[in-house]
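Commentary on secondary and tertiary structure
Each chain is listed here by its residues.
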Amino acid sequence: MGISMAICETECKNALCRPSKLNVLKVLVKDPERYGDAAEYETTMPIEDVLRAFADPEGFRKRNRIGDDVCTLYIERVKDPADRAVLERIMVPHRTGWIDMSKAGADAAKALAAGDTEKQTEWDSLSFDEMNEVCAKCRLSWDKGRGCLGSFGPDDSALPGIASKYGCGVTASVPEGVSSKRIYTKDDALILSQEIPVLRDALVKEGKLAVRRYGGAVDRLEAVARISLDEGCGFRFF
């Protein structure tokens, strides 16, 4: 396992992903029946029960290209109209727990979006290629154009210990920040930016191996601190 670092990108007005990450499309709730037509349904059945409905199970598989690895069949997978008609009579729709925000009504959607529950945003609906394209254009992609999230190092990185030895409190606090889920502020970023030259000098003093192992992490810390100061956003380690 390793430790990653990231800016709080949705706090940044210049983050190209911000509008789509703030556009919540669906919210997962425990009581979907409260939301009427906004509650999403899916129609599924264990494949063994599906196959019992057909005199020629293998023919059903072939017609609908259902592989042997399928354990649960979604009605959408059934392409043959006659087969689908058979299954629609015996398959029962059930709520998924997801609420479609476009159907929830303004007040309910506002309350759901503000809640602390699992959400799906417009960003989540993009492909990895589409995400990468956005990140490549974004001025906040501090990790060499690959996005605003990068590696601090392994869980047992010696960098926090070195930082503590040389009085660099923000960098030394990273393991605790991971466990407490701390959100660091732009004030912390100012302190971190002042630690960078101290850390670089410390690595030289600690030897060539320390420079090779942790020099890249210090570069990434510097980039995170710069973005946090420029944008006034928080940052975190996880």
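Up top is the structure.
Residues numbered from 1 in each chain as written. Predicted model: local features only at pLDDT ≥ 70, side-chain atom pairs only at ≥ 80, totals over all residues. Heavy atoms only, no water.

Some remarks on the overall build of the protein chain
Secondary structure assignment for the protein chain yields 11 helices and nine strands. In terms of overall dimensions, the protein chain has a C-alpha envelope of 75 × 45 × 30 Å along the principal axes. Within the protein chain, buried positions represent 40% of all 238 residues. Put simply, 68% of the contacts in the protein chain that link residues at least 6 apart link residues at least 24 apart. Here the protein chain displays about 14,000 Å² of accessible surface, and carbon together with sulfur accounts for 51% of that area. Taken together, the 35 basic and 39 acidic charged side chains of the protein chain have centroids lying 4 Å from each other. (Helix = DSSP H or I, 4+ residues; strand = E, 2+ residues; numbered from the N terminus. Buried < 20%, exposed > 50% of the residue type's maximum accessible area, 1.4 Å probe, protein only. Contact = heavy atoms within 4.5 Å. Areas by Shrake-Rupley, 256 points an atom, 1.4 Å probe, with all protein chains shown as cover. Lys, Arg positive; Asp, Glu negative; His and termini not counted. Charge placed at Lys NZ, Arg CZ, Asp CG, Glu CD.)

Overview of the sheet that holds strand 8 (residues 183-184)
In spatial order, the strands read 7-1-9-8; together these four strands make up an open sheet with antiparallel pairing. Strands with a single pairing partner mark the edges of an open sheet, and in this sheet they are strand 7 (149-154) and strand 8. For strand 1 (residues 2-7) and strand 9 (residues 235-237), the ladder comprises three bridges, and the chain directions are antiparallel. When the bridges of strand 9 are listed, Ile7 appears paired with Phe235. (Pairing = 2+ DSSP bridges.)

Description of the packing of aromatic side chains
Applying the stated criterion across every chain yields a total of five aromatic pairs. Ring geometry for Tyr184 versus Phe237: centroids 5.4 Å apart, planes at 85°, classification edge-to-face. Of the two residues, Tyr184 is situated in strand 8 and Phe237 in strand 9; the sequence distance between them amounts to 53 residues. An aromatic cluster of at least three residues, connected via ring pairs, comprises Phe152, Tyr184, Phe235 and Phe237. (Phe/Tyr/Trp six-rings, centres within 6.5 Å; stacked < 30°, edge-to-face > 60°.)

What to know about the nonpolar core
Residues Ile7, Trp142, Phe152, Leu159, Leu221 and Phe237 are the most contacted members of the largest nonpolar core, which totals 39 residues. Sorting the residues of this core by element identifies strand 1, helix 6 (128-137), helix 7 (159-165), helix 10 (186-206), helix 11 (208-231) and strand 9 as the ones contributing at least two each. Among the elements that line this core, the one with the most residues is helix 11, at nine residues. What Phe237 contacts, discounting residues up to four positions off in sequence, is Ile3, Ser4, Met5, Phe152, Val174, Gly177, Val178, Tyr184 and Leu221. The next biggest cluster of nonpolar side chains, apart from the first, holds 13 residues, and it includes Leu51, Phe60, Val70 and Ile75. (Core = buried A, V, L, I, M, F, W, Y, C linked by side-chain atoms within 4.5 Å.)

Considering the sheet that holds strand 2 (residues 24-28)
As summarised here, the arrangement of the five strands in space is 4-3-5-2-6, forming an open sheet in which the pairing is antiparallel. Two strands in the sheet have a free side with no partner beyond their single neighbour: strand 4 (72-74) and strand 6 (119-121). Neighbour to neighbour, the strand axes of the sheet diverge by 35° on average, direction disregarded. (Axes fitted to C-alpha atoms, helices over the stretch in contact; angles between N-to-C directions.)

Topic: the side chain of Ser157
Topologically, Ser157 is positioned in the loop between strand 7 and helix 7. Side-chain polar atoms of Ser157 contact the backbone nitrogen of Leu159, separated by 3.1 Å. Discounting chain neighbours no more than four positions away, the residues touching Ser157 are Phe152 and Tyr214. (Polar contact = N/O pair within 3.5 Å; in protein donor to acceptor, adjacent residues only side chain to side chain.)

A look at the environment of Leu203
In this structure, Leu203 sits in helix 10. The contacts of Leu203, once residues within four sequence positions are left out, are Leu159, Ile162, Ala210, Val211, Tyr214, Gly215 and Val218.

Re the pattern of salt bridges
One pass over the full model with this rule turns up 14 salt bridges. Of the charged contacts, one joins Glu88 and Arg84 as a salt bridge, the two residues approaching to 3.4 Å between their closest N and O atoms. One end of the pair, Glu88, and the other, Arg84, are both in helix 4 (residues 81-88), four residues apart, so they sit about a helical turn from each other. The shortest N-O distance in the salt bridge between Asp201 and Lys205 comes to 3.1 Å. One end of the pair is Asp201 and the other is Lys205, both in helix 10 and four residues apart, which spans about a single turn. (Salt bridge = Lys/Arg side-chain N within 4 Å of Asp/Glu carboxyl O.)

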